[in-house]
Amino acid sequence: MSYRTFFAIATVLALLGAACGDRAPAVPDHAATIRTGPWRMELAIPDTASGGTHALPFIFDLVRTGTALRMHIHNGEERITVDEIAVKGDSLHIRMPLYDSEFRCVALNDSTLAGHWHNYLRGPDYRISCFAQAGPAPRFAAGHAGLSVEGQWETHFGTDEVTPAIGLFQQDGHRVTGTFATETGDYRFLDGIVRNDSLLLSSFNGFHAFLFKAGMKNDTLNGRFWSGTHYAEDWVAALNPHFKLRNEDSLTFLKEGHDMVDFHFPSIDGGELSPKDPDHKGHVLLVQVMGSWCPNCVDESRLLSELYDRHHARGLDVIALAFERYPDPKRALQGLIRFREELGVKYPIAYAGFANKDTTSAKLPFLDHIMSYPTCIFIGRDGMVRRIRTGFYGPGTGAERYAAYERDLERFVVGLLNEPPASLASAKE
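Everything numeric here is computed off the predicted structure, so don't read it as measured data.

How each quantity is defined
- Residues numbered from 1 in each chain as written.
- Predicted model: local features only at pLDDT ≥ 70, side-chain atom pairs only at ≥ 80, totals over all residues.
- Heavy atoms only, no water.
- Buried < 20%, exposed > 50% of the residue type's maximum accessible area, 1.4 Å probe, protein only.
- Helix = DSSP H or I, 4+ residues; strand = E, 2+ residues; numbered from the N terminus.
- Pairing = 2+ DSSP bridges.
- Expected span 1.5 Å × (residues − 1).
- Arc of directions from axis to C-beta.
- Contact = heavy atoms within 4.5 Å.
- Polar contact = N/O pair within 3.5 Å; in protein donor to acceptor, adjacent residues only side chain to side chain.
- Axes fitted to C-alpha atoms, helices over the stretch in contact; angles between N-to-C directions.
- Salt bridge = Lys/Arg side-chain N within 4 Å of Asp/Glu carboxyl O.
- Core = buried A, V, L, I, M, F, W, Y, C linked by side-chain atoms within 4.5 Å.
- Lys, Arg positive; Asp, Glu negative; His and termini not counted.
- Phe/Tyr/Trp six-rings, centres within 6.5 Å; stacked < 30°, edge-to-face > 60°.
- Lys NZ or Arg CZ within 6 Å of the ring centre and 35° of its normal.

A.B. asks: I keep staring at the pairing of strand β23 (residues 316–324) and nothing clicks. Help me out?
C.D. replies: Looking along a regular strand, one sees the side chains alternate between the two faces of the sheet. When you tally the buried positions in β23, you get nine out of nine residues, the bulk of the element. On β23, burial covers both faces: Leu 316, Val 318, Ala 320, Ala 322 and Glu 324 on one face and Asp 317, Ile 319, Leu 321 and Phe 323 on the other are all buried. Of the strand pairs in this sheet, strand β22 (residues 284–290) and β23 are connected by seven bridges, and their pairing is parallel. The partner of Gln 288 across the bridge, within β23, is Ala 320.

Okay, structure coming up:
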């Protein structure tokens, strides 16, 4: 059955209220006997230019343990485990980990699902039609692999306001994996193929639904990028192993007249968090400006948690300042508690306010040119800011690059820890 047929079915179900969970459809109960093993899902991404849709595919596995279902979503080397799957009549509600989004689907038979993906972080009405079919299937249909995209590509997104990026691609036959690194972070794990003279990439992680298409012409990739239903832009790329972005330590800085940071924000555990708390005196402190909704922040939180576990006993402290997508503090707090529990974050987290750059700038008046979640401030044992790093380059950039990023961070933090406070105080006198 074609994807157009599936989307037609999904539309009918939505009109009946079934795909949104309003009432169960008058069809046999297939959800309880849903097939396990490999599945392929497509999201219907609208194309405002043509009035049609583009299929954004991804692959997942369904596993049954007793009566419980579990999903494993695959994006390149990434595997996302989803274990909150509720079967209600003939419907499946699949809640994504970390991010406040879910699939509400109806089982048309034991090997076909149709419904919608709801991303509540983008608003109560944000949803995308989806369908899925059981059985082994490629992410994208293969064709002639006449194109090579292996390597580093100088990339520019947009037409009016151009954003520079680096395309980092690995290719094995038809298969292409990699990401785009920008000055504010990376696009994480992209997975796709080359087909004839075209490149096709996609990724789905519960918050982002990315689709990239491009064709090769005169050694240049000319493409289009879709992020869910809310954003689309053109992009061009040319192979250039020497292209560099601006240094991530030079983009955000302290305003003139400031050499330290100061704030007081409520902890999600009660009380307030501040860099001037006595417990931080003489310690190395990392201040992580982040949001629980931000995939790059998730990657950074995992790495900072590893650093914290290794070096907290030596005097490394971390404070996360969370700017959340929900203006209601109670709902934001619920999301932050879930974030901490699912990632196992041991360092303290403060709720700093609503997530937009104007609010962040107002709440952190000592910083100039805040341009990214995450942003990490490194403070030495003497209380002075030593480095401000914009964005995060995670494991999606490739094992070699990410390992180098980890080594650089480890060296810098260990160097700060090796500075004795007494010596610094004497040197300043």
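A.B. asks: Please explain helix α3 (residues 329–343) as it appears in this structure.
C.D. replies: Because an α-helix completes one turn every 3.6 residues, residues spaced three or four positions apart along the sequence face the same direction. Compared with the 21 Å implied by 1.5 Å per residue over 15 residues, the 21 Å span of α3 between its first and last C-alpha is a close match. The set of residues buried in α3 consists of Ala 332, Leu 336, Arg 338, Phe 339 and Leu 343. When α3 is viewed along its axis, its buried side chains cluster within an angular range of 160° and face the same direction. For α3, the exposed residues set more than 90 degrees away from the buried face come down to Lys 330, Gln 334 and Glu 341. Each element contacted by the buried residues of α3 is listed here: β5 (84–88), β6 (91–95), β22, α2 (295–311), β23 and β24 (349–354). N-cap assignment for α3: the residue whose side-chain oxygen lies 3.1 Å from the backbone N of Lys 330 is Asp 328. At the exit of α3 stands Gly 344, carrying a positive phi of roughly 70°.

A.B. asks: How should I be thinking about the sheet that holds β23 in this particular structure?
C.D. replies: Within a sheet, neighbouring strands are paired by backbone hydrogen bonds and run either parallel or antiparallel to one another. Spatially, the five strands line up as an open sheet ordered β24-β23-β22-β26-β27, and their pairing is mixed. Strand pairing shows two members of the sheet lacking a second neighbour, β24 and β27 (385–390), which therefore form its edges. The sheet shows a mean angle of 15° between the axes of neighbouring strands, direction not considered. This element, α2, spans β22, β23 and β26 (375–379) of the sheet and lies at about 165° to β22.

A.B. asks: Looking at this structure, how should I read the pattern of salt bridges?
C.D. replies: For the structure shown, the criterion picks out 24 salt bridges. With its nearest N and O atoms 2.8 Å apart, the salt bridge here joins Arg 175 to Asp 191. Of this pair, Arg 175 sits in strand β12 (residues 175–182) while Asp 191 sits in strand β14 (residues 190–195), placing them 16 residues apart in sequence. Look at Arg 175 and you get partly exposed, because its relative accessible area is 39%. One salt bridge in this structure joins Asp 299 and Arg 188, with 2.8 Å as the shortest N-O distance. With Asp 299 in helix α2 and Arg 188 in the loop between β13 (185–186) and β14, this pair connects stretches of sequence that are 111 residues apart. Each of the two residues, Asp 299 as well as Arg 188, counts as buried. One continuous salt-bridge network, built from bridges that share partners, spans Glu 248, Asp 249, Arg 387, Arg 389 and Asp 408.

A.B. asks: Can you help me understand the sheet that holds strand β7 (residues 101–109) in this one?
C.D. replies: The sheet built from nine strands is open, its strands ordered β4-β3-β2-β1-β9-β8-β7-β6-β5 with antiparallel pairing. Of all strands in the sheet, those with a lone pairing partner are β4 (78–82) and β5, marking the two edges. Adjacent strand axes in the sheet meet at a mean angle of 25°, parallel and antiparallel pairs treated alike. As paired strands, strand β1 (residues 37–46) and strand β2 (residues 53–65) are joined by 10 bridges and run antiparallel to one another.

A.B. asks: Please clarify how the environment of Gly 353 should be interpreted in this entry.
C.D. replies: Its location among the elements puts Gly 353 in strand β24. Other than its neighbours up to four places away in sequence, Gly 353 contacts Ala 322, Phe 323, Glu 324 and Lys 363.

A.B. asks: Looking at this model, I keep getting lost on the nonpolar core. Mind explaining?
C.D. replies: Nonpolar side chains in soluble globular proteins tend to be buried together. Within the largest apolar cluster, 67 residues are counted, with the highest numbers of intra-cluster contacts made by Leu 321, Leu 364 and Ile 377. No other element matches the seven residues that β23 contributes to this core. If we skip the residues at most four places from it in the chain, Leu 364 touches Phe 265, Val 289, Leu 321, Phe 323 and Ile 370. Within the second largest apolar cluster, 35 residues are counted, among which are Ile 34, Trp 39, Phe 58 and Phe 140.

A.B. asks: Honestly, the side chain of Asp 317 in this entry has me stumped. Any pointers?
C.D. replies: The residue Asp 317 is located in strand β23 in this model. Despite its burial, Asp 317 pairs with no opposite charge; the closest candidate is Arg 381, at 8.5 Å N-O. Here the side chain of Asp 317 touches His 283 through a polar contact of 2.9 Å, side chain to side chain. One polar contact links Asp 317 to His 312, side chain to side chain, over a distance of 3.4 Å. Setting aside anything within four residues of it in sequence, one finds Asp 317 in contact with Asp 279, His 280, His 283, Val 284, Leu 285, Leu 286, Tyr 308 and His 312.

A.B. asks: Mind showing me how you'd approach the packing of aromatic side chains here?
C.D. replies: Here the distance between the centres and the angle between the planes together describe a pair of aromatic rings. Summed over all chains, the structure comprises 35 aromatic pairs. Each ring, one from Phe 103 and one from Phe 204, has its centre 5.4 Å from the other, and the planes form 55°; the classification is tilted. Of the two residues, Phe 103 sits in strand β7 while Phe 204 sits in strand β15 (residues 198–204), which places them 101 residues apart along the sequence. Here the two residues Phe 103 and Phe 204 agree in accessibility, since each one is buried. Ring centres of Phe 157 and Trp 235 lie 6.1 Å apart, and the angle between their planes is 35°; on these two criteria the pair is classed as tilted. Separated by 78 residues along the polypeptide, Phe 157 in strand β10 (residues 151–157) and Trp 235 in strand β18 (residues 231–239) bring together distant segments of the chain. The exposure classification of Phe 157 matches that of Trp 235, with both residues buried. Following the ring pairs from residue to residue traces out a cluster consisting of Phe 157, Phe 169, Phe 180, Tyr 187, Phe 210, Phe 212, Phe 225, Tyr 231 and Trp 235. In this arrangement the basic side chain of Arg 325 is found over the ring face of Trp 293, its NZ or CZ atom lying 4.3 Å from the centre. Directly above the ring of Phe 378 sits Arg 387, whose terminal nitrogen or CZ lies 5.6 Å from the centroid.

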